[in-house]
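Descriptive structure summary
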Amino acid sequence: MKEIFKIVVLAKQVPDTRNVGKDAMTPEGTVNRAALPAIFNPEDLNALEAALRIKDTFPGSTVTVLSMGPHRAAEVIRDAMFRGADGGVLLTDRKFAGADTLATSYALSCAAKKLAPDMIIAGRQAIDGDTAQVGAQVAEKLGWPQVTYAEEILGLEGGKMTIKRRLENGIEVVESPLPVVVTVNGSAADCRPQNARRIMKYKHALIPTEAAACPGTLSAELSAKHDYLQIVEWGADAVDPDPSQLGLEGSPTKVKKIENVVFQIKESKCLSCSDDEINTLITELIETHTIG
Amino acid sequence: MNNLFVYIETEGGKVADVSLELLTKGRELATELGVKLEAVVIGDGIAGVAPELAKYGADTVWIAEGAELSPYRTLPHAAILCGLIDAEKPQICLMGATPVGRDLGPRVSSAMHSGLTADCTSLVIGDHKDAKSGKEYGQLLYQIRPAFGGNIIATIINPDCRPQMATVREGVMKKEYAAVTGAGEVKKVDWQKMTRAEDFVVKIIERHIEERKINIKNAPIIIAGGYGMGSKENFKLCFDLAETLGGEVGASRAAVDAGFCEHARQIGQTGVTVRPKLYIACGISGQIQHTAGMEDSAMIIAITDDPEAPINKIADYTIVGDVNEVIPRMIKSYKQNSK
């Protein structure tokens, strides 16, 4: 029997918080989002690679990227298509705005139900929140098992997946029946690069909102003509949710207060890097028994 | 009812440090709220832990024991914790931000439809008034954490859902015996009634857990390198200085992401929290993500080529210069003066 799998990869477009420059904060001390480039969440790329490897092993399998975010998040779906994904779905609606992890997971789980995959693979966590909650919460909402901290999918046979997990102090190999939600660590294999032929093929892939914004262009025309150039765009109504569980209203956690980071200023001595000043410091540290 | 739960993590029958740290914090919060501190232990070979948990202030120790419950697996532990939460209605549930807590916490929060705040650096009881509805809430758990890559500090609350859930990383809270030992009353959990056969479908085939080799948490002297070290090659200078001074090497997240050293050495909100007597930050700019994990060090020396770097504001001494020159000079100076 030929085995094929329907795989959904959860991907998020995030501000690149790893390389926060000096202009990332405004003079008023708020976050200057415009100064931070929007990127494919790094561990979601590891997840995409894990999915593409399954597709390599089981030809005919499909990889669909599911993302939630503003219209521009279609960029990560296109990026994934350049790397080997078959297509994608963008969940985008004002009704999703203000969602915490639980409301986000709820919306994603509604979309996942509609897509009915054999497995969902996601990054362990996103770098803008570092919560690592969405994968596990989607699994709970679907009533599926979850395998977090995955480093490698070792096997897929007879409706069961064998997965190596990378924990802080070691490894664990587990076996889970399908369907399952797997969240992948940054220690897993890096994602393959964008493929030039796929870029030529999929650069005109658009969500309907994007196509409507550029009528008459080549991209809009091609996208209208070919199914494979149409990234699916779903609003809240498309996934039949319970509205009370969406967005800000559906979020049990509320942000009470945001403070800018203010350091308690200590009485700080500034030294030059001259031999003399370093000698004085080291001698003082030895005399006070801080070192030695 | 309305008490404070701490999920206790065990490995080989031994309680994890992070769980004892959470009991210490939990004791303080429970006393302020006037409620009981309840420890929840799920595993095998754990019957003997109650006296230890009592020393950290646990009034009640829930024990769910069975061979099938160890090692940790998501579904049975989640089902049992949810079963207990349903029955006992705690107002707060805390767990370690470890691979176990970060796997279990979201599953339970989703099942209970309650909010969970990850990686809190501070937990405080406080009141709240909803700006829109004007509704007032007394004695909520303020879950405080850096957010957005550590550039802001957010205070998160769960006004309407219970339990209020939070995870905290190891080393963030202090571990101390309670002033008064708790009653430690053992209550057996009838866990078979809370789990179903489907909760055991995931099998553990192989498991290798090692004692941690790198232990920066308890090192009295830490030399931490950041992205400003420039390269993996230059980063070795941190090891040289650590060896000279008898310290351990730590790193900022940026240095770990850049591959300069292993993740086990990462200090900060998404790494380890340390309080050494001397902390030397080499080529670290000092984002809150990092400083959250080291600002309580007794003495901080920052070596940086940027006189405006945020780390300088919390440093006792700032040496402005190139790390590649300063570190060798420090090593030389120490060798000359220590005899």
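Structure shown above.
The present account deals with the structure reproduced in this document. For clarity, every value in this text was computed on a predicted model and none was experimentally measured.

As a further point, take empty space enclosed by the protein. Scanning all chains against the criterion turns up four cavities of 30 Å³ or more. In terms of lining, the largest cavity is formed by 13 residues, of which the most central are Q146 and R165 of chain A together with R73, T74 and V202 of chain B. When residues of the lining of the largest cavity are traced back to their parent elements, those giving at least two are β7 (146-157) and β9 (170-177) of chain A together with α3 (74-88) of chain B. Top contributing element to the lining of the largest cavity by residue count: β7 of chain A, with three residues. Of the residues in the lining of the largest cavity, the class split is six nonpolar, three polar and four charged.

A word on the sheet that holds strand β15 (residues 248-251) of chain B. Overall, parallel pairing links the six strands, which are arranged β13(A)-β18(B)-β17(B)-β16(B)-β14(B)-β15(B) in an open sheet. Each end of this open sheet is capped by a strand with a single partner; those strands are β13 (269-272) of chain A together with β15 of chain B. Strand-to-strand, the axes of this sheet are offset by a mean angle of 20 degrees, without reference to chain direction. Relative to strand β18 (residues 317-320) of chain B, strand β17 (residues 300-304) of chain B runs parallel, the two sharing four bridges. Each bridged residue has a counterpart across the sheet, and for T304 of chain B the counterpart in β18 of chain B is V320 of chain B. This element, helix α8 (residues 275-287) of chain A, spans β13 of chain A together with β16 (278-282), β17 and β18 of chain B of the sheet and lies at about 130 degrees to β13 of chain A. Of the strands in this sheet, β16, β17 and β18 of chain B touch helix α9 (residues 323-337) of chain B, which is tilted by about 135 degrees from β17 of chain B.

What follows covers the interface of chain B and chain A. The partner chain A presents 80 residues to the 84 residues of chain B that form the contact. Each partner contributes to the roughly 6900 Å² buried at the junction of chain B and chain A, and carbon and sulfur atoms together form 57% of this total. Area buried by chain B at its contact with chain A is led by R107, F148 and Y317 of chain B, which between them contribute 11% of it. The tally of links between chain B and chain A comes to three salt bridges. Here R207 of chain B and E172 of chain A are joined by a salt bridge, their closest N and O atoms 2.8 Å apart. Here chain B and chain A share 32 residue pairs in polar contact (both at pLDDT 80 or more) between them. Here the side of chain B that touches chain A is composed, by residue class, of 36 nonpolar, 28 polar and 20 charged. The sheet contact formed by β13 of chain A and β18 of chain B spans four bridges and is parallel. Pairing of K269 of chain A across the sheet is with Y317 of chain B, part of β18 of chain B.

Looking now at the state of the cysteines. Residue and element names in this part refer to chain A. By the definition in use, this model includes zero disulfides over all chains. Free of any disulfide, C273 has its nearest neighbouring cysteine sulfur in C270, separated by 10 Å. For C273, a relative accessible area of 19% translates into the label buried.

All names here are of chain A. Taken N-terminus to C-terminus, the directions of helix α3 (residues 101-115) and helix α4 (residues 134-142) make an angle of 55 degrees; their axes are 8 Å apart at the nearest point. Regarding the angle of α3 to α4, the classification is oblique. You can see that α3 and α4 cross each other, and the crossing is right-handed. Contact residues: α3 offers T101, L102, T104, S105, Y106, L108, S109, A112 and K113, while α4 offers V134, Q137, V138, K141 and L142. Residues of the contact of α3 with α4, tallied by class, amount to seven nonpolar, five polar and two charged.

Let's shift gears to the pairing of β15 of chain B. Two elements, strand β14 (residues 221-225) of chain B and β15 of chain B, share four bridges in a ladder whose sense is parallel. Within β15 of chain B, the position partnered with I222 of chain B by the bridge is E248 of chain B.

Scoring rules and cut-offs
- Residues numbered from 1 in each chain as written.
- Chains lettered and ligands numbered in written order.
- Predicted model: local features only at pLDDT ≥ 70, side-chain atom pairs only at ≥ 80, totals over all residues.
- Heavy atoms only, no water.
- 1 Å grid on protein atoms, 1.4 Å probe; cavity = no way out; pocket = protein on both sides within 12 Å on 5 of 7 lines; lining within 4 Å.
- Points joined across faces, edges and corners; volume = space filled by probe spheres on them.
- Helix = DSSP H or I, 4+ residues; strand = E, 2+ residues; numbered from the N terminus.
- Nonpolar A, V, L, I, M, F, W, Y, C, P; charged D, E, K, R; others polar.
- Pairing = 2+ DSSP bridges.
- Axes fitted to C-alpha atoms, helices over the stretch in contact; angles between N-to-C directions.
- Contact = heavy atoms within 4.5 Å.
- Buried area = accessible area lost by both parts, 1.4 Å probe.
- Salt bridge = Lys/Arg side-chain N within 4 Å of Asp/Glu carboxyl O.
- Polar contact = N/O pair within 3.5 Å; in protein donor to acceptor, adjacent residues only side chain to side chain.
- Disulfide = S-S within 2.5 Å.
- Buried < 20%, exposed > 50% of the residue type's maximum accessible area, 1.4 Å probe, protein only.
- Parallel < 35°, antiparallel > 145°, perpendicular 65-115°, else oblique.
- Left-handed = near helix turned anticlockwise from the far one by under 90°.

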